[in-house]
Amino acid sequence: MAEHRFCIRYHYTHFKDRFKGVHLKDIVYKAAKDSYVQAFEAHMEELKEVDKDAFNRVVENPLSTWSRSHFTHTIKSNI
């Protein structure tokens, strides 16, 4: 019943093998850190405009595992 989350660095290690560049990394990290869905969607739209294949690769993973804006709001441990 535990909610599983992954650090964006974990996902990015697989992403960076195919999609290089600091600009793409910055967009993905910003999207992961956004706490509001609207800000997340804006960064994801920017990623789609820059590189559609990179966008498709990022959204393969469930958003609730790596995007702060899609985490549940229940009580969590600090571990």
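For the structure itself, look to the data block above.
From a predicted model like this one, the values you see are computed outputs, not experimental measurements.

## Quick word on the environment of H70
Then comes step 1: Positionally, H70 belongs in the segment after α4 (52-58).
Then comes step 2: Each C-alpha atom of the pair H70 and S35 lies 8.0 Å from the other, and the pair is 35 residues apart in sequence.
Then comes step 3: If we skip the residues at most four places from it in the chain, H70 touches F40, L63 and S64.

## Describing the pattern of salt bridges
Then comes step 1: Summed over all chains, the structure comprises one salt bridge.
Then comes step 2: One salt bridge in this structure joins R57 and E60, with 3.3 Å as the shortest N-O distance.

## Section: the packing of helix α2 (residues 22-33) against helix α3 (residues 37-50)
Then comes step 1: It is the contact of α2 with α3, at a shortest axis distance of 8 Å, that shows an interaxial angle of 155°. Relative to α3, α2 is oriented roughly antiparallel. Between α2 and α3 the crossing geometry is left-handed. Contact residues: α2 offers H23, L24, I27, V28, K30 and A31, while α3 offers F40, H43, M44, E46, L47 and V50.

## What to know about α3
Then comes step 1: Compared with the 20 Å implied by 1.5 Å per residue over 14 residues, the 20 Å span of α3 between its first and last C-alpha is a close match.
Then comes step 2: Residues of α3 that are buried include every one of F40, H43, M44 and L47, and no others. Down the axis of α3, the smallest arc covering the buried residues is 100°, so these residues share one side. Projecting away from the buried face of α3 at angles above 90 degrees are the exposed residues Q38 and E49.
Then comes step 3: If you follow the buried residues of α3, they end up packed against α2 and α4.

## Looking at α2
Then comes step 1: Taking 1.5 Å of rise per residue, the 12 residues of α2 would be expected to cover 16 Å, and the 16 Å separating its terminal C-alpha atoms lies within 8% of that figure.
Then comes step 2: L24, I27, V28, Y29, A31 and A32 are the residues of α2 that are buried.
Then comes step 3: Where α2 is buried, its residues contact α1 (8-15), α3 and α4.

Each value, and the rule that gives it
Residues numbered from 1 in each chain as written. Predicted model: local features only at pLDDT ≥ 70, side-chain atom pairs only at ≥ 80, totals over all residues. Heavy atoms only, no water. Helix = DSSP H or I, 4+ residues; strand = E, 2+ residues; numbered from the N terminus. Contact = heavy atoms within 4.5 Å. Salt bridge = Lys/Arg side-chain N within 4 Å of Asp/Glu carboxyl O. Axes fitted to C-alpha atoms, helices over the stretch in contact; angles between N-to-C directions. Parallel < 35°, antiparallel > 145°, perpendicular 65-115°, else oblique. Left-handed = near helix turned anticlockwise from the far one by under 90°. Expected span 1.5 Å × (residues − 1). Buried < 20%, exposed > 50% of the residue type's maximum accessible area, 1.4 Å probe, protein only. Arc of directions from axis to C-beta.

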